[in-house]
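# Summary of the model geometry
Next come the chains, spelled out residue by residue.
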Amino acid sequence: QGQLVESGGGLVQTGGSLRLSCAASGGIFSTNVMGWFRQAPGKEREIVAAITWSGGRTYGDSVKGRFTISRDNGKSTVYLQMNSLKSEDAAVYYCARGKYTRLSSERRLYDYWGQGTQVTVSS
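Summary of the structure given here. (Residues numbered from 1 in each chain as written. Predicted model: local features only at pLDDT ≥ 70, side-chain atom pairs only at ≥ 80, totals over all residues. Heavy atoms only, no water.)

We now examine the state of the cysteines. In this structure the tally under the stated criterion is one disulfide. Here Cys22 pairs with Cys95 through a disulfide, and the sulfurs are 2.1 Å apart. Disulfide Cys22-Cys95: the torsion about the S-S bond is -75 degrees, which places it as left-handed. Taken together, the residues Cys22 in strand S3 (residues 18–25) and Cys95 in strand S9 (residues 91–98) connect sequence positions 73 residues apart. With respect to burial, Cys22 and Cys95 carry one shared label: buried. (Disulfide = S-S within 2.5 Å. Helix = DSSP H or I, 4+ residues; strand = E, 2+ residues; numbered from the N terminus. Buried < 20%, exposed > 50% of the residue type's maximum accessible area, 1.4 Å probe, protein only.)

Dropping the structure here:
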């Protein structure tokens, strides 16, 4: 069975940085698009960033210029480098595998999800 496992979350001060990792297993990484989503309490899950096999990227408006998504296809791992963190970035971050190879910001187009990793930003 395919599985996604996130790591790297934690507590960071405003303006700090964190790097999230997501390791895929069970043969689900392939050439599919990979994405990061986040969900804060009382809010809907939203796209943070997504990346294609060849490195095409898209970002949510609120993180552009601060976050960078990357992937190591040989290691079946996707990363999210988060810089200049703000209080509003605090959320549970989820890694997800897209159903297709093209970029997408729509939750319905992702079929495998990790368990999530908590990011807390303190002022």
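Still to come is the rest of the account.
Now for the pattern of salt bridges. Side-chain pairs of opposite charge can arise whenever the charged atoms involved come near each other. A full pass over the atoms with the stated rule returns six salt bridges. With a shortest N-O distance of 2.9 Å, Arg38 and Asp89 are connected by a salt bridge. Pair noted here: Arg38 is in strand S4 (residues 34–39) and Asp89 is in the loop between strand S8 (77–82) and S9, with a separation of 51 residues, a long-range link. Each member of the pair Arg38 and Asp89 is classed as buried. Close ionic contact of Lys64 with Asp61 constitutes a salt bridge, the shortest N to O distance being 3.1 Å. (Salt bridge = Lys/Arg side-chain N within 4 Å of Asp/Glu carboxyl O.)

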